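Residue-level listing of the chains:
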Amino acid sequence: MKKISLIVAAVLLATGLSFAQVHVGGRVAGTMSTFKGDDSDDAPWGVGFNAGVAAKYNVNEMIAVVPEVGIDFRRIADDEATASFWVLNIPVLARISPVANLYVEAGPTIGFILSNDVEYDEPSFDDADFGGYNLSDYGIDLDDMLDDAGSSGAGEDANTFEFGLAFGLGYSVLPNLDVNFRFAIGLTNLYEDVKTEDYTFESDLQNMQLSIGATYWFM
């Protein structure tokens, strides 16, 4: 009986030490996203956000593994179109602390694109654009034409899976509060190749993102 008690005590102690190395928290971040690739055409940066939960397993005093699960909203807009994405983002980062409170992190990211939408801005015309003629006199409804051609819920050809890498630098301002800067880059295309009967148009458009965020560790 004494041996069994010692074994149980040892298991409980080991379990306690293991759980003591695991911390759980919540993370929020402001983001700036754009496109990269041959099809990006100098895409602008757009403001978005990321919010979710994180866990931290301390391997030792210098090394930790930090997986996260978050909802990522991206919005990229210019004078011609606005693209928006909702993505379930799952980074798994290795964190190294070379000095107290300061850390660098890097690792793969997996994304599941929940929804995407592209809206094209409607061009504006007046009678002068058509030689001064009143188009309604000829049975032409310009508003209907613009509604048909001006906007699109494009995205049926979008990929639903995304893979990339993330790199970051952070600082523990309090024992349970981290702030960091992170750079993420997509390695897979956001959209599928467009295939016609005679041609295949290869897509080359990936995500690129900067973020400034904070993680509060509840335990």
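No experiment lies behind these values; they were computed from the predicted model shown. (Residues numbered from 1 in each chain as written. Predicted model: local features only at pLDDT ≥ 70, side-chain atom pairs only at ≥ 80, totals over all residues. Heavy atoms only, no water.)

1. A short note on the side chain of Arg74
By secondary structure assignment, the location of Arg74 is in strand S3 (residues 63–77). Taking relative accessible area as the criterion, Arg74 reaches 3% and is therefore assigned buried. One polar contact links Arg74 to Glu162, side chain to side chain, over a distance of 2.8 Å. Apart from the residues lying within four places of it in its own chain, the contact partners of Arg74 are Ser33, Ala83, Ser84, Phe85, Val87, Glu162, Leu190, Asn207 and Gln209. (Helix = DSSP H or I, 4+ residues; strand = E, 2+ residues; numbered from the N terminus. Buried < 20%, exposed > 50% of the residue type's maximum accessible area, 1.4 Å probe, protein only. Polar contact = N/O pair within 3.5 Å; in protein donor to acceptor, adjacent residues only side chain to side chain. Contact = heavy atoms within 4.5 Å.)

2. A look at the nonpolar core
Phe35, Ala83, Phe85, Ile113, Val118, Leu190 and Tyr191 are the most contacted members of the largest nonpolar core, which totals 13 residues. Counting residues per element, this core draws most heavily on strand S4 (residues 81–99), at four residues. When residues no more than four places from it in sequence are discounted, the contact partners of Tyr191 are Phe85, Asn116, Val118, Asp157, Ala158, Asn159, Ser203 and Leu205. (Core = buried A, V, L, I, M, F, W, Y, C linked by side-chain atoms within 4.5 Å.)

3. A word on the environment of Thr215
Tracing the sequence through the fold places Thr215 in strand S10 (residues 206–217). Judged by relative accessible area, which is 5%, Thr215 ranks as buried. Spatially, the C-alpha atom of Thr215 lies 5.1 Å from that of Asp178, the residues being 37 residues apart in sequence. Sequence-distant contacts of Thr215, that is, excluding residues within four places in its chain, are made with Gly26, Arg27, Ala54, Asn176, Leu177 and Asp178.

4. Regarding the packing of aromatic side chains
In this description, an aromatic ring pair is defined by two values, namely the gap between the centres and the angle between the planes. Scanning all chains against the criterion turns up seven aromatic pairs. Ring centres of Phe49 and Phe73 lie 5.9 Å apart, and the angle between their planes is 35°; this geometry places the pair in the tilted category. A residue pair is termed long-range when its members are at least 10 positions apart, and Phe49 in strand S2 (residues 46–58) and Phe73 in strand S3 qualify at 24 residues. By relative accessible area, Phe73 is classed as buried at 17%. A centroid spacing of 5.9 Å and a plane angle of 75° characterise the contact between Phe49 and Trp86, whose relative ring orientation is edge-to-face. Placement of Phe49 in strand S2 and of Trp86 in strand S4 is noted, with a sequence separation of 37 residues between them. Overall, Trp86 belongs to the partly exposed group, its relative accessible area being 35%. Here the aromatic cluster, defined as three or more aromatic residues joined through ring pairs, consists of Phe35, Phe85 and Tyr191. Above the ring of Tyr103, the side-chain terminus of Arg95 is found at 3.7 Å from the ring centroid. (Phe/Tyr/Trp six-rings, centres within 6.5 Å; stacked < 30°, edge-to-face > 60°. Lys NZ or Arg CZ within 6 Å of the ring centre and 35° of its normal.)

5. Quick notes on the side chain of Lys56
When you line up the elements, Lys56 lands in strand S2. At 4.3 Å, Asp178 is the nearest oppositely charged side chain to Lys56, a buried residue that forms no salt bridge. Apart from the residues lying within four places of it in its own chain, the contact partners of Lys56 are Gln21, Val22, His23, Ala64, Val65, Val66, Arg95, Asp178 and Trp217. (Lys, Arg positive; Asp, Glu negative; His and termini not counted. Salt bridge = Lys/Arg side-chain N within 4 Å of Asp/Glu carboxyl O.)

6. Some thoughts on unusual backbone geometry
If you check the backbone angles, Asn101 has positive phi at about 75° while not being a glycine. Among the secondary structure elements, Asn101 is positioned in the loop between S4 and strand S5 (102–120). Owing to a relative accessible area of 40%, Asn101 belongs among the partly exposed residues under this scheme.

7. Structural notes on the confidence of the model for the chain
In the predicted model, the chain carries a mean pLDDT of 80, and the fraction of residues at 70 or more is 73%. Per-element averaging of pLDDT across the chain places helix H1 (residues 2–20) at the bottom with 46 and strand S7 (residues 177–186) at the top with 97. Scored below 50 in pLDDT, residues 127–133 shows nine contacts in the model against residues more than four places distant or in partner chains. Long-range and interchain partners of residues 148–156, a stretch whose pLDDT sits below 50, account for 15 contacts in this model, where long-range means more than four residues apart. (pLDDT = per-residue confidence, 0-100.)

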